[in-house]
Structures are given as structure tokens and as C-alpha cells.
Amino acid sequence: MSTKTLAMAACLTASVAQADMFAAPDAQAALGRELLQLFLDEPEILQKALYPPVVTADEIYADDIAADLERIGKEAQALFDSDGPKIGTTDGPVLMALFVDEGCGNCARATDELSDVLQKLGIAARVFDLSKDTNAQVIMERLTLDTVPAYVMSDRMIRGHMPPFVIERYLSEAAQ
């Protein structure tokens, strides 16, 4: 056990041993000895408390990410098909799908901003307009998307309007 961990064990042992429930000095001392021996015998108890494992968002949401990727994979042919309404460059690869609806307050803005980014990068996005394409709603439901605008790439789904610089970064990474 490291010196730092041993010092923490001693402090913790002393603090617990002096709790009101052990008012008698001999009971406090006995508890202190027992705790110190426990920490010496099983130092991982303190190691876990002092140095908890770091869990990343990818680890926390691994199952959700895997499910999203599976859904995207099943819909990939329709999502990234170059036949259909598109924005961006007409001959560029389709790297994104955009779901919009005529009653959506941010959809026109999202479409315009995305179109500018796509032109800049020389790529395209397939547009699914829920007010014009009955299949768009079906695909959106299978993807479990519940709001428009919604952006779909081969490795992610984004619900709601995103600033152009964020979309540009994601698309730049995908285009490489």
C-alpha cells in the first residue's frame, strides 16, 4: 500500500473510530485497529475510493450507439441513395440524410445552412421531406427519430438543428 493510501486509511480509520456510536475509548481503538487491518489486507477498497475508474460517454452509451448504428445500417441504401431529392453538389457523394417538414420552424434554416456546407465540401445530402414523401416518416420512425430537422450520417444521428460549424466538422471527418 502506498504511503498516501496508508495515510488516507489512517485518517479514515480515526474518523470512523471516533464516531458517536463508539463513545468508549477502548471501542474506538478496537474499531480503528480492525479497520486499519482491513485496509492493509484489502488495499483495493481504498484504491477504488481514492482512484475510481473513469468511464467515458462511449462506454456509458455503448448499447445505444450500437443500436443506432444497426438502424442506420438497415436504412443505409435509402438514406444515402443518390436518386432522390438532394442538396449540395449534384455529383458529390451523398454522406448525409436530412429529414425536414413544412411545419418545422428550423427546417428551412437547417436546409440552407447544410446546403452551404455541402457546397463548400463538394458533397451532397439526401433530403427527406415528411410533407411530400410518405416513406420519409416510415424511415424516420424505424430510425427512432422524433424531431425535425434530423441529420443522419453513417456513424451518427442528430436530432434537432445543429450549427453549421458542427455539421461541417462531422462531414469533413466523414469525407476523409
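Reading guide: rules and limits
- Residues numbered from 1 in each chain as written.
- Predicted model: local features only at pLDDT ≥ 70, side-chain atom pairs only at ≥ 80, totals over all residues.
- Heavy atoms only, no water.
- Pairing = 2+ DSSP bridges.
- Helix = DSSP H or I, 4+ residues; strand = E, 2+ residues; numbered from the N terminus.
- Axes fitted to C-alpha atoms, helices over the stretch in contact; angles between N-to-C directions.
- Phe/Tyr/Trp six-rings, centres within 6.5 Å; stacked < 30°, edge-to-face > 60°.
- Lys NZ or Arg CZ within 6 Å of the ring centre and 35° of its normal.

Draft legend 1. Quick look at the sheet that holds strand β1 (residues 86-88). Sheet architecture is open: five strands sit in the order β1-β3-β2-β4-β5, paired in mixed fashion. Each having just a single partner strand, β1 and β5 (156-159) make up the two edges of the open sheet. Strand-to-strand twist across the sheet, computed as the mean angle between neighbouring axes with direction ignored, equals 25 degrees. Examined bridge by bridge, β1 and strand β3 (residues 124-129) share three bridges and lie antiparallel to one another. Its bridge partner being in β3, I87 is matched across the sheet by A125.

Draft legend 2. How the structure looks around the packing of aromatic side chains. This structure, assessed with the given rule, holds one aromatic pair. Between the aromatic rings of F99 and F128, the centroid separation amounts to 4.8 Å while the plane-to-plane angle is 15 degrees, which identifies the pairing as stacked. Of this pair, F99 sits in strand β2 (residues 94-100) while F128 sits in strand β3, and the two are 29 residues apart along the sequence. Here the basic side chain of R156 rests over the ring of Y170, its NZ or CZ set 3.9 Å away from the ring centre.

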